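Here are the chains, one letter per residue:
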Amino acid sequence: MTLPASLDEAVAALTAMPAAVPVAGGTDLMAAVNRGQLRPAGLVGLSRINEIRGWQYQDGHALLGAGLTHARMGRPDFAALIPALAAAARAAGPPQIRNAGTLGGNVVTAAPTGDSLPVLAALEADLVVVGPLGSREIPVSHLLAGRDLLAPGELVGFVRVPLLHAPQVFLKATGRTGPARATASVAVVLDPARRGVRCAVGAVAPMPLRPLEAERWIASLVDWDNDRGLAPEALTAFGEYVAAACIPDPQGDEQLPPAVLHLRRTVAALARRALGRALA
Amino acid sequence: MSSDATTAIPVLPVLDTPGTPDQEPTAHGLGTSLPQAESRAKTEGTFPYAADLWAEGLLWAAILRSPHPHARIVSVDTSAATAMPGVRAVVTAADVPGATTYGRRVADRPVFASDLVRHHGEALAAVAADHPDTARLAAAAISVEYEILDPVTDPEKAFAAEALHPDGNLIRHIPLRFGDPEATGEVIVEGLYRIGRQDPAPIGAEAGLAVPRPDGGVELYTASTDPHTDRDLAAACFGLQPEQVKVVVTGVPGATGDREDPGFQIPLGLLALRTGCPVKLTATREESFLGHAHRHPTLLRYRHHADAEGHLVKVEAQILLDAGAYADSSSESLAAAVAFACGPYVVPHAFVEGWAVRTNNPPSGHVRGEGAMQVCAAYEAQMDKLAAKLGVDPAELRMRNVMATGDILPTGQTVTCPAPVAELLSAVRDFPLPALPKDTPEDDWLLPGGPEGAGEPGAVRRGVGYALGMVHMLGAEGMDEVSTATVRVMDGVATVICSAVDTGSGFSTLARQIVQETLGIDEVQVAPVDTDQPPAGPSAHGRHTWVSGGAVERAAKMVRTQLLQPLAHKFGMSTELLQITDGKITSYDGVLSTTVTEAMDGKELWATAQCRPHPTEPLDEDGQGDAFVGLAFCAIRAVVDVDIELGAVRVVEMAVAQDVGRILNPAQLATRIEAGVTQGVGAALTENLRTARGLVRHPDFTGYALPTSLDAPDIRIVKLVEERDVVAPFGAKAASAVPVVTSPAAVASAVRAATGRPVNRLPIRPQAAVAVPNS
């Protein structure tokens, strides 16, 4: 176990020992170690790297440190910047987990139920990956889809998120009132400058899904120059459009099983409510 | 019999405040909220749980468990494991020196599977090594060749399936026939209900330590809930005499079912005997979920007949319990399910068939309220259906049918104990409803789905539902319920020696209160439990409050007589005319007095007594018989909020009225009821250990969702009816199980009211709580 104090040192440590695994909050990794599923040859702890524990501003974007904890992202000052990410962070498990778990960890673990993921997908965030050959940027969706994987010695250093200065909503359905994994989650962000609505659905597939046609259709109905409100029927139609795109009807005469039908209704309700709140 | 009923609104338990050892306790004796002796150590994290056990030179054990629910074992090769450095012993079925099967009621479960595995997670071998990781790796290195067989996972198919066990697939069948089979009612309602698999989910890790003795015996340090039975079973498997095995009960955390059962203790003891070293085993959470017994998943089919006024005429029911691969306590669970199939209602004619069958699903066994909880969910659903069909208020329909003392159970047993069911029901019905969300500030409204959930006030419907439940107390059907206790007094300190294990039921606190009350001595200690003491029986069915509490009281009274006899003689009066308070002995007129210390005169006083309640009898071939010692009743009104689009349910409030006989410790009683209601809410909404073709899915606390503090509702104990049960010591009834039995049915009833959906399955799945707005 090494505890580097900077990203460069961390990259050097990982390069020196390729079998070592980087660990930030450890909320997923250490659980796997405890269960005996993982026996890392070494650990590179990221908790002492101060440069990734905060955020900075960069031409209309926020450069979020990968070491930002969910607890930090849930605070009001962060919520004023990126409201949907703050809402997702607040919903991500009990306080003990939120105090330890980080944004970068949530991205790299890439669990289907990762709460920050649909928000990052809707924001079309980019990852700043640092490695022995310098740094590069990849869209978050490329990493989640497995199109562009981290190379040996590489780390997620920052997440680049546009600052849209407009309403954003994250909603999550779970099986209980207390903290739990999402059965479905929806992020809706408005981008008034580009007159766009972007939506991503989490937990129903291995990675967040973007219903692009539904986004374009609803964006065309919004009166961007006035009060942006939509009729309830339009919101309902949007919800159903999103749900059908994410959970399509099976081919032929087959019927969706009741549990999947319920999941689709849940996505529809979440998308309708999320858009309604964003436009309210 | 006194009929004084008091309303007790419990206060928060008085915590054991830190202080000097000589600090005077503020509460003592029966009826006070004496705090638990260990509460401080448990709160501060210094209480030694079983997982904290340690012995010099100990080895670590690991158990190899089957990854298949049903398979023939072709071969087991332990050579790779034995050859690993650090491995000290590997034991399989061939290494069991004594009995190769065991069971608390029927010896049908192998210590290690040798020819067949019958459920996912069944033990095949155990390893002792000098490091826990080595033990785990060695267990994984044992190579087992399986011939995979089709698992029988549908209990309905178990009847016709090939026998899974030499004993056959039918563990027990009870046909109950009561009254006239031809009787019919003007109104008939039917239903099919399914109850899921609740896990007792003990939070403290299951752990134990076995230490070999120089005489060839072994000592087992575990959190056993029935030490004497466990000792006898383990000794038989070790090929030893019971006296050569000692079970020392250590660090018991809470338990609502069996934990660290013989299936855990026997491999541990075998390894210690084999290696001659102390051996420790701590179960992983996954092992815990796979290994210990669960609540029986149950399928119930009901038909209720009633007259036009809603009086029940006849109940017909079929009850099918999925026992898993081994019998365990299924026979008792089935008896409770069949006997209480109609609930605390007067039913002139009842025809109930119950079966407990073997499958390849996870094992079922004792979890509090077993049998009674499953039927309660079903008969209360039927009462709601009947109310809807007749257009009668659900609480009113129940009121027209409630049982009272003197009525006859469908088993033919007359209810002789207090049965204040009507009083309980009116208490919860008349309690004011919680404020509607529109009357409270929005910030305070916790919507279904939680504070960061997706709840939308416009989609939330509120529902109110009722349920009445009953359980039996103590073992049923002729079980010998006996407990022995010793009370010793020396130097002004009393010690209670009784092998009743306090699994959180509060027995040890109660024992201290009983001695304080009888002997007037404030400082009372409860000795640790081991099997060198006489048996007290299992910690189940509230038996320790009754039998062990009774034994403690008798022993204390005998000590009292020993203490007062010489004084009474000296004063020329009978011992009844003397009283002991605050360490002083005074005569009835206050003229003569002395201190306890003086009367003791440096002597040590001992007395041992037994308590054995009146005998019961097994149910006969028609399901008839006086099978139960006592009954306890409960009424619950549930108020729920349902997001009818998402199907998310939040239980807002549970109003509880319970028949408790007598309140012995108000704070402890309130926590027992609150814990029971919360466990019931879990069974109603989230707790279900899911399987897919016999394989347990998600054996962890992410996949198995327990209620959190946000899921636990406001629990209002609106009435505790104190009508003393004359046959019970102190007149007190067991309080823990009946709220578990009643709450799931109450929650289901409230969700039915909120959504208009039938709700035939527990836990309630979100898709079953979705409704069309304004329909």
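What counts as what
- Residues numbered from 1 in each chain as written.
- Chains lettered and ligands numbered in written order.
- Predicted model: local features only at pLDDT ≥ 70, side-chain atom pairs only at ≥ 80, totals over all residues.
- Heavy atoms only, no water.
- Helix = DSSP H or I, 4+ residues; strand = E, 2+ residues; numbered from the N terminus.
- Rg over C-alpha atoms; globule rule 2.2 N^0.38 Å.
- Buried < 20%, exposed > 50% of the residue type's maximum accessible area, 1.4 Å probe, protein only.
- Contact = heavy atoms within 4.5 Å.
- Areas by Shrake-Rupley, 256 points an atom, 1.4 Å probe, with all protein chains shown as cover.
- Lys, Arg positive; Asp, Glu negative; His and termini not counted.
- Charge placed at Lys NZ, Arg CZ, Asp CG, Glu CD.
- Pairing = 2+ DSSP bridges.
- Axes fitted to C-alpha atoms, helices over the stretch in contact; angles between N-to-C directions.
- Domains from an automatic or database assignment.
- Buried area = accessible area lost by both parts, 1.4 Å probe.
- Salt bridge = Lys/Arg side-chain N within 4 Å of Asp/Glu carboxyl O.
- Polar contact = N/O pair within 3.5 Å; in protein donor to acceptor, adjacent residues only side chain to side chain.
- Nonpolar A, V, L, I, M, F, W, Y, C, P; charged D, E, K, R; others polar.
- Phe/Tyr/Trp six-rings, centres within 6.5 Å; stacked < 30°, edge-to-face > 60°.
- Lys NZ or Arg CZ within 6 Å of the ring centre and 35° of its normal.
- Patch = residues over 30% accessible without salt bridge, like charges linked within 9 Å, V, L, I, M, F, W, Y side chains within 5 Å.
- Core = buried A, V, L, I, M, F, W, Y, C linked by side-chain atoms within 4.5 Å.
- Parallel < 35°, antiparallel > 145°, perpendicular 65-115°, else oblique.
- Left-handed = near helix turned anticlockwise from the far one by under 90°.

(A) Representation of the overall build of chain B within the structure. The secondary structure content of chain B amounts to 15 helices and 31 strands. Over its C-alpha atoms chain B spans a radius of gyration of 27 Å, differing by no more than 12% from the 28 Å that the globule rule assigns to 775 residues. Considered along the principal axes of its C-alpha atoms, chain B spans approximately 80 × 80 × 60 Å. Expressed as a percentage of the 775 residues in chain B, the buried residues total 61%. Long-range contacts, defined as pairs at least 24 residues apart, comprise 80% of the intrachain contacts of chain B with a sequence gap of at least 6. For chain B, the exposed area adds up to about 28,600 Å²; of that, 52% sits on carbon and sulfur atoms. A gap of 2 Å separates the mean positions of the 61 positive and 95 negative side-chain charges of chain B.

(B) Local environment of the overall build of chain A. When you go through chain A residue by residue, the secondary structure sums to twelve helices and ten strands. Taking 2.2 N^0.38 as the reference for a compact globule, 280 residues should give roughly 19 Å; the C-alpha atoms of chain A span a radius of gyration of 19 Å, in line with that estimate. On the principal axes, the C-alpha backbone points of chain A span a range of 60 × 45 × 35 Å. Looking at chain A as a whole, 51% of its 280 residues qualify as buried.

(C) Summary view of the sheet that holds strand β16 (residues 312-322) of chain B. Residues and elements named next belong to chain B. Read across the open sheet, the six strands follow the order β9-β17-β16-β15-β10-β31; overall the sheet is mixed. If you trace the sheet from one side to the other, it starts and ends with β9 (170-178) and β31 (761-762), each paired once. Both strand β10 (residues 187-195) and strand β15 (residues 298-306) contribute to a ladder of nine bridges, which runs antiparallel. Bridging from a neighbouring strand, I188 pairs with H305 of β15. The strands that helix α8 (residues 372-390) touches are β10, β15, β16 and β31; relative to β10, the one it contacts most, it runs at about 145 degrees.

(D) Examining the domain arrangement of chain A more closely. Residue and element names in this part refer to chain A. Under the domain assignment, chain A is made up of domain 1 (50-162) and domain 2 (168-279). Taking only C-alpha atoms into account, the centre of domain 1 sits 22 Å from that of domain 2. Carbon and sulfur atoms supply 65% of the area that domain 1 and domain 2 bury against each other, a total of about 1,700 Å² over both sides. On the surface where domain 1 and domain 2 come into contact, there are three salt bridges. Between D115 and K172 there is a salt bridge, with its nearest N and O atoms 2.8 Å apart. Joining domain 1 to domain 2, the criterion identifies seven residue pairs in polar contact (both at pLDDT 80 or more).

(E) Summary view of the interface of chain A and chain B. Counting residues at the interface gives 23 residues for chain A, matched by 29 residues for chain B. Summed over both partners, the interface of chain A with chain B buries about 2,000 Å², with 47% contributed by carbon and sulfur atoms. When the buried surface of chain A facing chain B is broken down by residue, A:R176, A:T177 and A:R273 rank first, second and third, together holding 36% of it. Our count for the contact surface shared by chain A and chain B stands at six salt bridges. Note that B:E456 and A:R277 form a salt bridge whose closest N and O atoms lie 3.2 Å from each other. On inspection of chain A and its partner chain B, the count reaches 14 residue pairs in polar contact (both at pLDDT 80 or more). Where the side of chain A that touches chain B is concerned, the elements lending two or more residues are α5 (83-91), β8 (168-174) and α12 (258-279) of chain A. Residues that form the side of chain A that touches chain B fall into these classes: eight nonpolar, six polar and nine charged.

(F) Focus on the environment of B:P613. Residue and element names in this part refer to chain B. Along the chain, P613 falls in the loop between β25 (605-611) and β26 (630-643). On the basis of relative accessibility, which here comes to 13%, the residue P613 falls in the buried class. Beyond its immediate sequence surroundings of up to four residues, P613 is in contact with L474, E481, W546, V547 and V629.

(G) Up close: the packing of aromatic side chains. With the rule as written, the count across this model stands at nine aromatic pairs over all chains. Look at A:W55 and A:F78: their rings are 5.2 Å apart centre to centre, the planes differ by 80 degrees, and that puts the pair in the edge-to-face class. Remark: A:F78 occurs in helix α4 (residues 76-81) and A:W55 occurs in strand β3 (residues 55-58); sequence separation between them is 23 residues. With 6.1 Å between their ring centres and 85 degrees between their planes, B:Y345 and B:Y379 make a pair best called edge-to-face. With a gap of 34 residues between them, B:Y345 in the loop between α7 (330-339) and β17 (349-357) and B:Y379 in helix α8 connect regions that are remote in the sequence. Accessibility classification places B:Y345 together with B:Y379 in one group, the buried group. By the ring-pair criterion, three or more aromatic residues cluster together here, those being B:F289, B:F701 and B:Y704. Just above the ring of B:F47 sits the side chain of B:K42; from NZ or CZ to the centre is 4.7 Å.

(H) Structural view of unusual backbone geometry. Here the bond from B:L762 into B:P763 is cis, since omega is -10 degrees, no more than 30 degrees from zero. Here B:P763 shows up in the segment after β31. Here the phi dihedral of A:D59 falls at roughly 25 degrees; this positive angle occurs in a residue that is not glycine. Inspection of the secondary structure assignment puts A:D59 in the loop between β3 and β4 (61-65). Judged by its relative accessible area of 63%, A:D59 falls in the exposed class. The backbone phi angle of B:H698 is positive, close to 55 degrees, even though this residue is not glycine. Residue placement: B:H698 occurs in the loop between β29 (695-696) and β30 (714-721).

(I) Just a nonpolar patch on the surface, in detail. Taken together, the side chains of A:W217, A:L221 and A:Y241 present a nonpolar region at the surface, about 250 Å² in accessible area. Following the sequence through the fold, A:W217 ends up in helix α10 (residues 212-221).

(J) Quick look at the sheet that holds strand β6 (residues 116-117) of chain B. All names here are of chain B. A sheet is described by the order of its strands in space; here three strands give the open sequence β6-β2-β8, paired in antiparallel fashion. On the outer flanks of this sheet lie β6 and β8 (143-148), each paired with one strand and no other. As paired strands, strand β2 (residues 71-77) and β6 are joined by two bridges and run antiparallel to one another. In the sheet register, R72 faces β6, and the bridge partner there is L116.

(K) Local environment of the nonpolar core. Of all hydrophobic cores here, the largest spans 158 residues; its most connected members are B:Y302, B:V747 and B:I764. Setting aside anything within four residues of it in sequence, one finds B:V747 in contact with B:A638, B:V640, B:V651, B:M654, B:V681, B:A684, B:L685 and B:I764.

(L) Region of interest: the domain arrangement of chain B. Residue and element names in this part refer to chain B. Looking at the assigned domains, one finds that chain B contains domain 1 (51-149 + 207-252 + 259-285), domain 2 (298-476 + 618-769) and domain 3 (482-611). One C-alpha centre belongs to domain 1, the other to domain 2; they are set 37 Å apart. Taken together, the contacts link 14 residues of domain 1 with 18 residues of domain 2. The tally of links from domain 1 across to domain 2 stands at four salt bridges. For R105, the salt bridge identified is with D328, shortest N-O distance 3.5 Å. The interface formed by domain 1 and domain 2 contains eight residue pairs in polar contact (both at pLDDT 80 or more).

(M) Expanded view of the packing of helix α14 (residues 666-685) of chain B against helix α15 (residues 737-755) of chain B. Residue and element names in this part refer to chain B. Where α14 contacts α15, the two axes come as close as 7 Å, and the packing angle between them is 45 degrees. By the angle between their axes, α14 is oblique relative to α15. Read as a crossing pair, α14 and α15 show a hand that is right-handed. Side by side, α14 and α15 meet where I673, G676, V677, Q679, G680, V681, A683, A684 and L685 of the first sit next to P739, V740, S743, P744 and V747 of the second. In the contact of α14 with α15, the residues fall into ten nonpolar, four polar and no charged.

(N) Inspection of helix α8 (residues 116-123) of chain A at higher detail. α8(A) sits mainly inside the fold: eight of its eight residues count as buried. Among the residues making up α8(A), those that are buried are A:S116, A:L117, A:P118, A:V119, A:L120, A:A121, A:A122 and A:L123.

(O) Region of the structure containing the pairing of β8(A). Residues and elements named next belong to chain A. Extensive coverage of β8 is indicated by the burial of seven of its seven residues. A two-sided burial pattern is seen for β8, the buried positions comprising Q168, F170, K172 and T174 on one face and V169, L171 and A173 on the other. The pairing of β8 with strand β9 (residues 182-191) spans seven bridges and is antiparallel. The partner of A173 across the bridge, within β9, is A184.

(P) Structural view of the pairing of strand β18 (residues 460-473) of chain B. Residues and elements named next belong to chain B. Across the 14 residues that make up β18, a large majority, eleven, are buried. When β18 meets β26, the two strands line up antiparallel, connected through 14 bridges. Counted as the bridge partner of H472 is L631 from β26.

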